[in-house]
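Tertiary structure, described
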Amino acid sequence: MIGMATGWGSLLQDEQQLEELARQAVDRALAEGVLLRTSQEPSSSEVVSYAPFTLFPSLVPSALLEQAYAVQMDFNLLVDAVSQNAAFLEQTLSSTIKRDNFTARLFDIHKQVLKEGIAQTVFLGLNRSDYMFQHNADGSPALKQIEINTISASFGGLASRTPAVHRHVLNVLSKTREAAKILSNNPSKGLALGIAKAWELYGSAKGQADFINQGLQFYFHLQPPGFLLHIFLEGSCVLVLTPKGVWDGGKTSSVAIVGHLCSFPSALVLLIAQEKERNIFDQRAIENELLARNIHVIRRRFEDVSEKGSLDQDRRLFMDGQEVAVVYFRDGYMPSHYSLQNWEARLLLERSCAVKCPDIATQLAGTKKVQQELSRVGMLEHVLPGQPEAVARLRATFAGLYSLDMMLLYTTAGPQLLHLWPKTVGDCFLAFCQGEEGDQAITEAIAAPSRFVLKPQREGGGNNLYGEEMVQALEGLKDSEERASYILMEKIEPEPFGNCLLRSGSPARVVQCISELGIFGVYVRQGKTLVMNKHVGHLLRTKAIEHADGGVAAGVAVLDNPYPV
C-alpha cells in the first residue's frame, strides 16, 4: 500500500535503479509522443525532445481529485454567466483598465463588439481550473483554486499520453497493481469534442437554409412533375418523407436522408498560433482528433489574419477565401503577443459570427480581478442566482483574495484619492469611501510576506511576485493607482513530497516537490441554451519547492500523473 506520508520513498533511494528507470521512462515518453520542440529550434520539428516529466506518479488524495472534477461543471457555468454579464465585467474591471493597458485593450474590443452587436450565436469554452492542495494545521489537505484559464488552456494533448509512461515505469518494477491505478486520461479528445460541437452548430445555424435549398433543388430535379414530399429535420440531418415510399430508382423506403446539415466542406477551424511554438505536439493532438471527424484545421498567425482575413456582409469570417466556423486561440493571452497589426486582427475576429474560443468577454472573465471579485460575499449568488449547491461547491475551493483598489473619498466634488485629500473636508459632503480592503491587505502582506502572493492580470506563468520581491513591489505601489492592476492572494501551502524530475539535458534528480492539479472543462452554448457542459480530463504538474512560480512551458514545472490514495 502506498501512503501519502511514505510515497515512493524507498524507490527514490536507489540511485542505480533510478538511472535505469529514467532511461526506460524517457524512451517510453518519446515512443508515446510526449514531445516538445527544442528551445534552439522552436519553429522546427526536425529535432525534438521529450517534455519534462516525473519518474513516478505523484500521490493525490482521491477525495480532492473527485472534488475538483465535481466542481468543474460549476466553474463552466460561472465563466459562461460572467461572460454574458456586461455590467458586471465593466464594474469589476473599471479600476483595472485605467492602469493595465493590456486589459484595457481587450475591454475596448469588448465594448466595440457590444456596440456593433454580437454576431456570434454559438459560444465555446475550453477552460482549465488549477488547484493546489492546502496542508491545513490539523494535517488534513484541502483543495484550493489558484486560477481558471479561459484562453489557450494547454497540455491537454500531452496529458493524454503520460499515463502510459508511468504505467510502464511501475510495470518495469513489477508493480502491476499500482500501475493499474494510474487513471486513464484523454483531455485532447474531450476538448476536440467541444470544438466539433461548436463547428456543427455553426454549420446548422449558417448552412441550414442554403443546404436545404440546394439539396432539395437537386432532389426535385430527379422526380416526375407533380411529385410531392414532406421535409423535416432529425438531429443534424435533412430527411424527406415521400408519399408512396418509393425513391432512388425504385428502392422502397419511406424516409430518405438528403444530406447532413454540417456537410460544409469549406467550413474550417482556424487555430491562431504563435510563429515559434515549442508545444506544437500538444496542439496537434487536438487537431488530429478533429481531423478524425473530418473537420479540417488551419494554423495561422495574427499577422496572417490581418493580411488575408476578411468578413462578408453577414460578418462571416473568411481566411484565404475559405469560411471559418471556429477560431481557436493558442495565442493572444499576453501583451507581447500583440502588435498594432495583431490588435486589428483580433478585432476582426471578434466582429465575425465565427465561434471564438474564447470570445473576448470570456477571456476577460478569466482575469485575476474577476476571480477576486467573485470571492466577495454574496457575489456568486448574484452571478448564479438560484443555484445554492453550485455556489457552495465553488466557494469551498476559494483561497483568500483581496482587491488592491485605491481608497477613494466620494464627495460632492467627485472622487478624490484619500492621501491627496486635505484633512479638513470643509463643506464637501462625504458620501462613502472605498479601498480600505486594499490598504489593509498591503499592510498585512508587507508585514507577513510569506503568507501572500501578488498577481498581475497576466496569463502564461512566471508573472507572480513572492517574498521580498513582492514587498518591494508593494512598497512602490501602495500610493499609486497602478496597484489596481494587481490582486493579492493568500499563498497556498501544500505538503512537500519527494519525486524524481526528468528534464532533457539535465541529470535525473530527486527533490522535494509540490503539485498543481488542473481539470479541463468544456461548455457550448447556442443563444441562451447550454447544449454541452462537462469535464474532460485532468493535468498534474509538479515542480521543485525551490521554484515559487512558473509552469511547464516556462521551464519550471514538469508533467505528472495523479496516483489516487
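Criteria and cut-off values
Residues numbered from 1 in each chain as written. Predicted model: local features only at pLDDT ≥ 70, side-chain atom pairs only at ≥ 80, totals over all residues. Heavy atoms only, no water. Helix = DSSP H or I, 4+ residues; strand = E, 2+ residues; numbered from the N terminus. Buried < 20%, exposed > 50% of the residue type's maximum accessible area, 1.4 Å probe, protein only. Contact = heavy atoms within 4.5 Å. Areas by Shrake-Rupley, 256 points an atom, 1.4 Å probe, with all protein chains shown as cover. pLDDT = per-residue confidence, 0-100. Pairing = 2+ DSSP bridges. 1 Å grid on protein atoms, 1.4 Å probe; cavity = no way out; pocket = protein on both sides within 12 Å on 5 of 7 lines; lining within 4 Å. Points joined across faces, edges and corners; volume = space filled by probe spheres on them. Nonpolar A, V, L, I, M, F, W, Y, C, P; charged D, E, K, R; others polar. Expected span 1.5 Å × (residues − 1). Arc of directions from axis to C-beta. Polar contact = N/O pair within 3.5 Å; in protein donor to acceptor, adjacent residues only side chain to side chain. Core = buried A, V, L, I, M, F, W, Y, C linked by side-chain atoms within 4.5 Å. Phe/Tyr/Trp six-rings, centres within 6.5 Å; stacked < 30°, edge-to-face > 60°. Lys NZ or Arg CZ within 6 Å of the ring centre and 35° of its normal.

Helix and strand content of the chain: 17 helices and 28 strands. Looking at the chain as a whole, 54% of its 565 residues qualify as buried. A separation of at least 24 residues holds for 72% of the contacts in the chain among residues at least 6 apart in sequence. Of the roughly 24900 Å² of accessible surface on the chain, a fraction of 51% belongs to carbon and sulfur atoms.

The next subject is the environment of Ala63. Along the chain, Ala63 falls in helix H2 (residues 62-84). Remark: the alpha-carbon pair of Ala63 and Ala142, spanning 79 residues in sequence, is separated by 9.5 Å.

Attention now goes to the confidence of the model for the chain. Mean pLDDT over the chain stands at 85; residues scoring 70 or higher make up 81%. Ignoring residues within four places in sequence, the model shows residues 226-238, a span with pLDDT below 50, making 38 contacts including any to other chains. With pLDDT under 50 throughout, residues 240-264 is counted as low confidence; its partners more than four residues away or in other chains account for 65 contacts.

By the bridge criterion, 14 bridges tie strand E25 (residues 509-526) to strand E26 (residues 529-544) in an arrangement that is antiparallel. Each residue of the ladder has a partner; that of Glu516, found in E26, is Arg541. Connecting E25 to the next strand, E26, in antiparallel fashion are two residues, including Gly527 with a positive phi near 65 degrees. Bridge count between E26 and strand E27 (residues 558-560): three bridges; the pairing is antiparallel.

Right, let's get into the environment of Ile519. Relative to the assigned elements, Ile519 resides in strand E25. When the C-alpha atoms of Ile519 and His538 are compared, they prove to be 4.4 Å apart, with 19 residues separating the residues in sequence. Sequence-distant contacts of Ile519, that is, excluding residues within four places in its chain, are made with Ala68, Tyr69, Gln72, Asn127, Arg128, Ser129, Tyr131, His535, Gly537 and His538.

It is worth spelling out unusual backbone geometry at this point. Across the junction of Cys357 and Pro358, the peptide omega takes the value 5 degrees, indicating a cis bond. Of note, Pro358 is situated in the loop between strand E17 (355-357) and helix H12 (360-365). Even without glycine at this site, Phe155 takes up a positive phi of about 70 degrees. In the Ramachandran plot, Ser174 falls in the positive-phi region, its phi being about 60 degrees despite a non-glycine side chain. Turning to its location among the elements, Ser174 is positioned in the loop between helix H6 (162-172) and helix H7 (176-180). What makes Ser174 exposed here is its relative accessible area of 61%.

Glancing now at empty space enclosed by the protein. Counting across every chain of the model gives three cavities of 30 Å³ or more. In terms of lining, the largest cavity is formed by 13 residues, of which the most central are Phe75, Leu78, Ile148, Gln371 and Leu374. Of all the elements in the fold, those that place two or more residues in the lining of the largest cavity are H2, strand E6 (141-149) and helix H13 (368-374). With four residues, H2 is the single largest residue contributor to the lining of the largest cavity. Classifying every residue of the lining of the largest cavity by side-chain character gives nine nonpolar, four polar and no charged. Taken together, Phe102, Thr103, Leu106, Thr150, Ile151, Tyr333, Gln363, Gly366, Thr367, Gln457, Arg458 and Glu459 form the lining of the second largest cavity.

Take helix H1 (residues 15-32) next. With 18 residues, H1 ought to run about 26 Å at 1.5 Å a step, and its terminal C-alpha atoms sit 25 Å apart, in line with that. Considered for burial, the residues of H1 that qualify are Leu18, Leu21, Ala22, Ala25, Val26 and Ala29. Along the axis of H1, the buried positions cluster into a sector of 140 degrees, meaning they face one direction only. Those residues of H1 that are exposed and aimed more than 90 degrees away from the buried face are Gln16, Asp27 and Ala31. Tucked inside the fold, the buried residues of H1 contact strand E2 (48-50), strand E3 (53-54), H6, strand E24 (497-502) and E25. Between a side-chain oxygen at the N-terminus of H1 and the backbone nitrogen of Gln16 the separation is 3.3 Å; the capping residue is Asp14.

If you look at the biggest cluster of nonpolar residues, it comprises 62 residues, and the most contacted ones within it are Phe53, Leu55, Phe56, Leu124, Ile195, Val326 and Leu502. Among the elements that line this core, the one with the most residues is helix H8 (residues 187-221), at eight residues. Listed in part, the 59 residues of the second largest apolar core include Ile272, Ala361, Leu374 and Val391.

This part takes up the packing of aromatic side chains. Per the stated rule, a full pass over the model turns up 10 aromatic pairs. Each ring, one from Tyr50 and one from Phe53, has its centre 5.8 Å from the other, and the planes form 75 degrees; the classification is edge-to-face. Using a relative accessible area of 12% as the deciding quantity, one classes Tyr50 as buried. With a centroid separation of 6.1 Å and 35 degrees between ring planes, the pair formed by Phe302 and Phe329 is classed as tilted. Separated by 27 residues along the polypeptide, Phe302 in helix H10 (residues 302-308) and Phe329 in strand E16 (residues 322-329) bring together distant segments of the chain. Ring-pair connections join several aromatic residues into one group, and the members of that group are Phe102, Phe302, Phe329, Tyr338 and Trp343. The aromatic ring of Phe329 is capped on one face by Arg346, whose charged end is 4.4 Å from the ring centroid. Geometry around Phe123 places Arg525 over its ring, the cationic atom sitting 4.2 Å from the centre.

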